[in-house]
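# Report on the structure
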Amino acid sequence: MGFARACSVALVGVEGVVVEVQADLEPGVAAFTLVGLPDKSLVESRDRVRAAVVNSGAEWPQKKLTVGLSPASVPKSGSGFDIAVACAVLGAAERIDPAAIADVVMIGELGLDGRVRPVRGVLPAVLAAAEAGYRQVVVPEQTAGEAALVPGISVLGVRSLRQLIAVLGDEPVPEEPAGGPGRPDTMLAGLMVPGAGLGTGLAPPSDGTGHPPDLAEVAGQGRARKAMEVAAAGGHHLLLTGPPGAGKTMLAERLTAILPPLTRQESLEVTAVHSVAGILPPGEPLISGAPYCAPHHSATMQSLVGGGNGLPRPGAVSLAHRGVLFLDEAPEFSVRALDALRQPLESGHVVVARAAGVVRLPARFLMVLAANPCPCGRHTLAGAGCECPPSAVRRYQARLSGPLLDRVDLRVEVEPVGRADLMGSGGRGESSAEVAARVREARERAGERLAGTPWTTNSEVPGHELRTRLVAAPGALMAAERDLERGLLTARGLDRVLRVAWTVADLRAADRPDASDIAVALELRTGIQRGVPMAAGAP
């Protein structure tokens, strides 16, 4: 009787569980049994592995073969277990040394000809292996760069099962020819998910020249540009309202350009989510810039927060993790889908419960809502001929519920662009690089103040801390307290005004917010004029 074991990883959301793949050979009628809660694609690995082993020049054992996936209580899905199953079988047949594979984590799909094909989720799988104490992993050659992002892990990228058998047996490694120049690489197909929207969540659309959108291209809109700067500096959610053609979408598409680059830990979090979702671009194993996700207004609740058949898959809120989630024509989204965003806006993650299991997905994003004032969009334009009855306007605006808007820190009305601004006679606005420099400095000030705490931006600081430890200047809160007594602010709204005020103070390099900072935060929150300068770049 022969026995051998190898290791692989089962992904549950963006978290991994190390699975021990055990192979047992017994005398009897030749059969192949796979146990341990495999799904359909994993059950089919029996045929893939058998053909791959034979076509790699190894002999398939003609005995009763049982392969067990332990722990058996964890559901396993996907084709990433193929390499581990093949090596466990070859170890049990003594084609390779069982001790050489006992503590090696193997991730990859096998083709019938023995080639190793890449699979999704390599980064979170290797992270799970590292946390479990493993130090050696075998992955497809195309994803070796992604696996190498995890520190302290020895990565072996292989192109075929023949190469892996030779490495494990200390034999000469055969050369495997790559595809010819100019030919499409079919091996990369495993990294893409049909219907996942390739490229969704990675970057805002460019202008066709390959250059990212720049804030200097936006005509006028000084108040909205100031709100964008505050939103980027503190991570505050933003609502842009105004008539069609005023520039709401242009502003939102340029928000990622002024956000600071992701830290190493944030890059790993974002890359792990995109790897699992199947939208990680080949050749770019690490995402260093803030992602941008703009789902269509017909998106369902499951597509926003996560869902799908079997275990839930990341939704738009997770694809926008550490980046921007832009909901254009926000009132056109279903009320059910919009209200599902209320919990991740507060917690920074989403817990999706389905019959197949419960998955916790990261979802700390900066939300930007864009809305017209009425169904025709001309309600706020003088002499534009809006024919929407008052009841239709109220119903349209009520589609954004009060609890959702209470979680939005900044509310700005985008005015129509004037002739002087549009034709250039009003002067060119600041570029994204100039605004990004101020945002980066403000983030650094906030980071120094919040050092030693679990928070990194002002939008994450709890209200209790803002009222006890991080207090504003004496007498600065008088206007906010009056609005609270009048019912213009809720308790949550007061906390969010304080958070915005700290961000405004950071942008002007102040030690703490004063009455003018509170006035700017109140104006951005309520829309009521407070007589404070709101031009972009103003202190």
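This report concerns the structure included in the present document. Being a predicted model, the structure only gives us computed values, none of them experimental.

Helix and strand content of the chain: 22 helices and 16 strands. For the chain, buried positions account for 51% of its 539 residues. Of the contacts made within the chain by residues no fewer than 6 positions apart, 73% connect residues no fewer than 24 positions apart. As presented, the chain carries roughly 23,300 Å² of accessible surface, and 52% of it is formed by carbon and sulfur atoms.

Okay, the packing of aromatic side chains next. Taken as a whole and assessed by the stated rule, the structure comprises two aromatic pairs. With 5.7 Å between their ring centres and 40° between their planes, Phe32 and Trp60 make a pair best called tilted. Here Phe32, found in strand 3 (residues 31-35), pairs with Trp60, found in the loop between helix 2 (45-55) and strand 4 (64-70); they are 28 residues apart in sequence, far enough to count as distant. Per residue, the accessibility class of Phe32 equals that of Trp60, and both read buried.

In this structure, the largest pocket occupies an estimated 800 Å³ of space. Lining the largest pocket we find 32 residues, and of these Arg322, Arg364, Thr456, Thr457 and Glu460 sit closest to its centre. The greatest single-element share of the lining of the largest pocket, amounting to four residues, is contributed by helix 14 (residues 342-347). Class assignment of the residues belonging to the lining of the largest pocket gives a composition of 13 nonpolar, 10 polar and nine charged.

Remember that side chains alternate between the two faces of the sheet whenever the strand is regular. Taken together, the six bridges between strand 13 (residues 349-354) and strand 14 (residues 357-362) define a ladder with antiparallel strand orientation. From the neighbouring strand, Val352 faces strand 14, where its bridge partner is Val359.

Within the fold, Ser318 resides in helix 12 (residues 316-319). A polar contact of 3.0 Å, which involves the side chain of Ser318, links it to the backbone oxygen of Pro362.

This part is about the environment of Val67. Its location among the elements puts Val67 in strand 4. On a C-alpha basis, the gap between Val67 and Ala4 in space is 9.8 Å, while along the polypeptide they are 63 residues apart.

Moving on to the packing of helix 18 (residues 432-449) against helix 21 (residues 491-507). Contact pair helix 18 / helix 21: the axes reach a minimum separation of 8 Å and the direction vectors enclose 115°. Helix 18 and helix 21 meet at a crossing whose hand is right-handed. On helix 21, the residues that touch Arg438, Ala442, Arg445, Ala446 and Arg449 of helix 18 are Trp502, Asp506 and Leu507. Per-class residue counts for the contact of helix 18 with helix 21 are four nonpolar, no polar and four charged.

At a minimum axis distance of 9 Å, the contact between helix 8 (residues 222-234) and helix 21 shows a crossing angle of 100°. In terms of axis orientation, helix 8 runs roughly perpendicular to helix 21. Facing Lys226, Glu229, Val230, Ala233 and Gly234 of helix 8, the residues of helix 21 in contact are Val500, Thr503, Val504 and Leu507. For the contact of helix 8 with helix 21, the residue count by class is five nonpolar, two polar and two charged.

Attention now goes to the side chain of Glu109. Mapped onto the fold, Glu109 is located in strand 6 (residues 109-110). Among buried charged residues, Glu109 stands out as having no salt bridge; its nearest opposite-charge side chain is Arg117, 4.2 Å away. Side chain to side chain, Glu109 and Ser79 meet in a polar contact 2.7 Å long. Not counting residues up to four positions away in its chain, the partners in contact with Glu109 are Arg48, Ser79, Asp82, Arg115, Val116, Arg117 and Val119.

The subject of this paragraph is the sheet that holds strand 10 (residues 238-241). Spatial ordering of the open sheet is given by 11-12-15-10-16, a layout of five strands whose pairing is parallel. What marks the edges here is a single partner per strand, and that holds for strand 11 (292-293) and strand 16 (410-413). Pairing of strand 12 (residues 324-327) with strand 15 (residues 366-371), which is carried by four bridges, proceeds in the parallel orientation. The residue of strand 15 that forms the bridge with Phe326 is Val368.

Conventions used here
- Residues numbered from 1 in each chain as written.
- Predicted model: local features only at pLDDT ≥ 70, side-chain atom pairs only at ≥ 80, totals over all residues.
- Heavy atoms only, no water.
- Helix = DSSP H or I, 4+ residues; strand = E, 2+ residues; numbered from the N terminus.
- Buried < 20%, exposed > 50% of the residue type's maximum accessible area, 1.4 Å probe, protein only.
- Contact = heavy atoms within 4.5 Å.
- Areas by Shrake-Rupley, 256 points an atom, 1.4 Å probe, with all protein chains shown as cover.
- Phe/Tyr/Trp six-rings, centres within 6.5 Å; stacked < 30°, edge-to-face > 60°.
- 1 Å grid on protein atoms, 1.4 Å probe; cavity = no way out; pocket = protein on both sides within 12 Å on 5 of 7 lines; lining within 4 Å.
- Points joined across faces, edges and corners; volume = space filled by probe spheres on them.
- Nonpolar A, V, L, I, M, F, W, Y, C, P; charged D, E, K, R; others polar.
- Pairing = 2+ DSSP bridges.
- Polar contact = N/O pair within 3.5 Å; in protein donor to acceptor, adjacent residues only side chain to side chain.
- Axes fitted to C-alpha atoms, helices over the stretch in contact; angles between N-to-C directions.
- Left-handed = near helix turned anticlockwise from the far one by under 90°.
- Parallel < 35°, antiparallel > 145°, perpendicular 65-115°, else oblique.
- Lys, Arg positive; Asp, Glu negative; His and termini not counted.
- Salt bridge = Lys/Arg side-chain N within 4 Å of Asp/Glu carboxyl O.

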